[in-house]
Amino acid sequence: MSPRRITVLGECVADAFAEPASDLNELALRVLPGGGPANTAVALARLGTSARFLARLSGDVFGRLFRAHLEASGVDLSYAVAAGESSTLAVAELDATGQAAFSFHAQNTADWQWTPEELARVDLSETACVHTGSLALVREPGGAVVEEFLAAAAPRTTVSIDPNVRPLLVRPEVYRARLAHWCALADILRLSEDDLELLLPGTPPEQACDTWHAAGVRLVVITLGADGALASLDGERLRVPAVATQVVDTVGAGDSFTAGLLHHLGARGLLGGRLAGLRLDEVAEACRFGTRVAALTCSVAGPNPPWRNQLAQLTTAGGH
């Protein structure tokens with residue numbers, strides 16, 4: 001039987017949301033465990049996929065929160081590194097539509113300090129797919145180490161990348177300079193319309209897909225918020241509508257979509273290689289599943305992806 005585990009590599013971030021305080025001279029922060037790769041690992045595990053998370057977890061108060069959250073969701077932390085550095089903190093401000101703007105406190109934090117020795121010991125023999133992206137792939141000194149790990153993993157597993165551009169921390173041109181190389185390593189590229197605008201300003205999504213296919217990636221999925229998602233498999237394209245939901249905030253929605261996409265493909269034995277034989281109708285099914293997972297994430301505060309039984313309730317209620 002082919003392996004079904006998905007290994008996710010990347011950062012955990014403490015997402016702090018401002019809340020009303022009793023004193024005008026105070027600011028109350030509600031802190032939730034987040035970070036794009038961590039959100040994806042949690043969503044995968046809650047959906048029922050065997051999910052392993054490669055992270056550098058601090059021993060500070062936030063790091064202990066991360067570890068408890070991940071373990072409670074069923075994520076395998078057997079290769080997580082106990083890091084001496086502090087955790088990364090992001091302070092989020094929400095606008096009237098639930099969109100979040102972040103300010104980051106990330107200098108010399110645990111997430112970016114990967115060494116070759118830490119990743120060399122990871123056993124990928126039971127892994128069908130390695131997913132990574134976001135800041136861990138571009139922040140030095142660890143970014144280059146993560147790229148080398150992907151290059152070593154690619155002959156044995158499907159590789160999935162979500163650039164998750166964060167211009168407040170890393171200039172978009174740094175992502176642009178590496179993107180063609182990532183496409184050569186990856187089988188799946190999932191990104192948001194905001195990422196697209198930062199990476200290829202003014203470029204229509206279909207044209208961007210063709211650019212990235214030419215660089216080597218077979219499946220490109222661009223999430224379009226309330227307009228659903230565009231998927232392109234070797235240039236064959238389709239659009240999937242979003243699932244209507246009452247939006248509390250959009251934090252973690254893209255990460256949950258990615259988890260839904262990968263979970264659906266993995267459960268059908270379609271991960272583990274170069275996506276050979278993958279059909280466009282199978283991509284459509286996986287994207288529709290991803291939109292349901294994302295919709296449920298948007299319906300609650302913070303990056304809190306649904307459990308599998310909650311998804312079944314949405315389906316029963318008429319979700320697509």
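As a reminder, the structure under discussion sits directly above these lines.
Residues numbered from 1 in each chain as written. Predicted model: local features only at pLDDT ≥ 70, side-chain atom pairs only at ≥ 80, totals over all residues. Heavy atoms only, no water.

1. What to know about the environment of Leu77
- As for its position among the elements, Leu77 is in the loop between helix H2 (61–72) and strand E6 (81–83).
- Between the alpha carbons of Leu77 and Gly225 there is a distance of 31 Å; along the sequence they are 148 residues apart.
- Not counting residues within four places of it along the chain, the set of residues in contact with Leu77 comprises Phe53, Leu57, Arg67, Leu70 and Glu71. (Helix = DSSP H or I, 4+ residues; strand = E, 2+ residues; numbered from the N terminus. Contact = heavy atoms within 4.5 Å.)

2. Focus: the pattern of salt bridges
- Under the definition given, this model contains 12 salt bridges.
- Measuring nitrogen to oxygen at the nearest pair gives 3.4 Å for the salt bridge that ties Arg52 to Asp76. Of the two residues, Arg52 is situated in strand E4 (residues 51–54) and Asp76 in the loop between H2 and E6; the sequence distance between them amounts to 24 residues.
- Judged by its relative accessible area of 24%, Asp76 falls in the partly exposed class.
- The shortest N-O distance in the salt bridge between Glu118 and Arg56 comes to 3.1 Å. One end of the pair, Glu118, is in helix H3 (residues 116–120); the other, Arg56, is in strand E5 (residues 56–58), and 62 residues separate them in sequence. (Salt bridge = Lys/Arg side-chain N within 4 Å of Asp/Glu carboxyl O. Buried < 20%, exposed > 50% of the residue type's maximum accessible area, 1.4 Å probe, protein only.)

3. Description of the packing of aromatic side chains
- On inspection of all chains with the given rule, the structure shows 1 aromatic pair.
- On the numbers, 6.3 Å between centres and 85° between planes, the contact of Tyr175 with Trp182 is edge-to-face. With respect to class, Tyr175 is no different from Trp182; both count as buried. (Phe/Tyr/Trp six-rings, centres within 6.5 Å; stacked < 30°, edge-to-face > 60°.)

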